[in-house]
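Single-letter residue listing:
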Amino acid sequence: MKKLYILTNSTFPYGNANSNYIRYFALALSEIGWNVIVIGSNMSGDSDVSGEYGGVEYRNIQFSRKKLPFHLKDHFAYGKKLRRVMDELRIEEDAHVFVYSMYRDLVKTALKKTKHLKAGHLSTAMVEWFQPYQYRFGKLNPDYLCWKYTFEHLITQFPKVFPISRKLQEYYEDAGCKTMLLPIMADVSANDFQLIDKKEGEPFHFIYPGDAGKKDSLDGMVFALDSLTDAELASVRFHFTILKKEALQQYVEKGINVERILSSMVFHGRLPYDDLLKLYSEMDFLFIAREKNIVTLSNFPSKIPELLCYGVIPVCSNVGDYADLYLTDRKDSIIFEGADKAGCLEGIRRAIKMPTEKMYEMKRNARDCAEKKFDYHAWSRKIEKFFIKQI
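Throughout what follows, the structure given in this document is the object of discussion. (Residues numbered from 1 in each chain as written. Predicted model: local features only at pLDDT ≥ 70, side-chain atom pairs only at ≥ 80, totals over all residues. Heavy atoms only, no water.)

## A short note on the pattern of salt bridges
This model, assessed by the stated rule, comprises 26 salt bridges. Across the pair Glu 152 and Lys 148 runs a salt bridge whose closest N-O atoms are separated by 2.6 Å. Separated by 4 residues within a single helix, Glu 152 and Lys 148 lie in helix 4 (residues 142-154), roughly one turn from each other. What makes Lys 148 partly exposed here is its relative accessible area of 30%. As a salt-bridge pair, Lys 363 and Asp 284 come within 3.8 Å of each other at their nearest N and O atoms. Placement of the pair is Lys 363 in helix 14 (residues 356-374) and Asp 284 in the loop between helix 9 (273-281) and strand 12 (285-288), with a sequence separation of 79 residues. On the accessibility criterion, Lys 363 (8% relative accessible area) is buried. Linked through salt bridges whose partners overlap, the residues forming this network are Asp 48, Arg 59, Arg 84 and Glu 88. (Salt bridge = Lys/Arg side-chain N within 4 Å of Asp/Glu carboxyl O. Helix = DSSP H or I, 4+ residues; strand = E, 2+ residues; numbered from the N terminus. Buried < 20%, exposed > 50% of the residue type's maximum accessible area, 1.4 Å probe, protein only.)

## Examining the environment of Leu 168
Locating Leu 168 in the fold gives a position in helix 5 (residues 166-174). Assessed through its relative accessible area of 0%, Leu 168 is described here as buried. Placed 126 residues apart in sequence, Leu 168 and Ile 294 show a C-alpha to C-alpha distance of 9.6 Å. Those residues in contact with Leu 168, other than ones at most four positions away along the chain, are Met 126, Val 127, Glu 128, Trp 129, Phe 151, Pro 163 and Ser 298. (Contact = heavy atoms within 4.5 Å.)

## Things to note about helix 14
Look at helix 14: 26 Å from first C-alpha to last across 19 residues, which is about the 27 Å you get at 1.5 Å a residue. Those residues of helix 14 that fall on the buried side of the exposure criterion are Met 359, Tyr 360, Met 362, Lys 363, Asn 365, Ala 366, Arg 367, Cys 369, Ala 370 and Phe 374. As for helix 14, its buried residues are in contact with strand 9 (204-208), strand 12, helix 11 (303-308), strand 13 (313-317), helix 12 (321-326) and strand 14 (334-336). (Expected span 1.5 Å × (residues − 1).)

## Digging into the side chain of Thr 8
Note on placement: Thr 8 falls in strand 1 (residues 3-8). With near-sequence residues (within four places) excluded, Thr 8 lies in contact with Ile 22, Val 38, Ile 39, Gly 40, Ser 41, Tyr 78, Tyr 100 and Leu 106.

## Re the sheet that holds strand 7 (residues 160-163)
The sheet built from 8 strands is open, its strands ordered 3-4-2-1-5-6-7-8 with mixed pairing. Taken across any chain shown, the strands that pair with only one partner, and hence form the sheet edges, are strand 3 (49-53) and strand 8 (178-179). Sheet topology note: the strand 1/strand 2 (residues 35-42) ladder contains 5 bridges and is parallel. Within strand 2, the residue paired with Tyr 5 across the bridge is Ile 37. (Pairing = 2+ DSSP bridges.)

## A few points about the packing of aromatic side chains
For the structure on display, the rule yields 36 aromatic pairs. Judged by centre distance (4.8 Å) and plane angle (65°), the rings of Phe 63 and Tyr 78 are edge-to-face. Of the two residues, Phe 63 is situated in the loop between strand 4 (56-62) and helix 2 (72-89) and Tyr 78 in helix 2; the sequence distance between them amounts to 15 residues. Here Phe 63 and Tyr 78 have matching classes, each one buried. Plain terms: the ring middles of Trp 129 and Phe 151 are 5.2 Å apart, the flat faces sit at 35° to each other, and that makes the pair tilted. In this pair, Trp 129 is assigned in the loop between strand 6 (122-126) and helix 4 and Phe 151 in helix 4, connecting sequence segments 22 residues apart. For the pair shown, Trp 129 and Phe 151 are each scored as buried. Here the aromatic residues Tyr 21, Phe 25, Trp 34, Phe 98, Tyr 100, Phe 162, Phe 386 and Phe 387 are joined through ring pairs into a cluster of three or more. The lysine or arginine in question, Lys 73, covers the ring of Phe 63, its NZ or CZ lying 5.1 Å from the ring centre. (Phe/Tyr/Trp six-rings, centres within 6.5 Å; stacked < 30°, edge-to-face > 60°. Lys NZ or Arg CZ within 6 Å of the ring centre and 35° of its normal.)

Here it is as structure tokens:
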């Protein structure tokens, strides 16, 4: 039986978007008979936690996150914990090891402790290309400097890399790594899909997963909503799980009637995971507006495959691989140009003016897209083939 060890600083099986990536990756190999063992982290307790999930063994290492600034403890102390566990595991020469982390010390430790592996049995993934403007103090931020060192000098030492985008694939192929393009996956069978009849006069429900100042353009969405007629605005409900109402106050000085558009907004705050999934299942559209830059071209929004599972139709900017390689405008998604008011307004109006039967058709196509292009079962053999391919 082929064996795979996954080394990560994320909690397994649930925790955040990184936990989801690891869960689907592990299940993809376990599904076809691999013995998969995940070494993750337990940041909420005072001891290691071991268990089994879907045939995958896991051990979350206790790692209390003290309030040191700039993730300094994460970057410089996690490796010591990992070394202890790796010494106990005595990873076999013919096993495969997959590293998913950008913590400097963890990645350095993994590289040092796997030199005995057979050629090509060590791999990693890359899902972001951060830029200085995303950090406080920019290029001088210690967290950014550690990330940059890992990105440029450590990840490039891996013989095999799973980049999440073509932008990252190009970078690591130029660095001499063998690559396999792999989007964020999903577990379609775990999510029920039911078409809910749309009653006359019922608003269209959009979910906006972004946050002010991150990858997604808040300006375009706000100015677009402000440009809707009263009747159009009354026909939509925009749902937010991260964005706070206070983030909209800045638009008062920009001439936006904030009180008017607030009537079509629902702020849920951070929800328990089960409640969040229930909310997803009630949505009609997923709204993502992104400017085209190195960050957005390199990233892949995890919410796209996650909401496609529920038949939620993406209304999104034509930016990156999700628009070019996976979604099809007017079939399973609504794709518009840019992230400014004009583009966002076009996307919203196309959604709310769509005939009901067409919306039902696109919802079914969205679910079908999730099954064929993102479900982890569809990727199992492809990942295996890349693992066993000689370098």
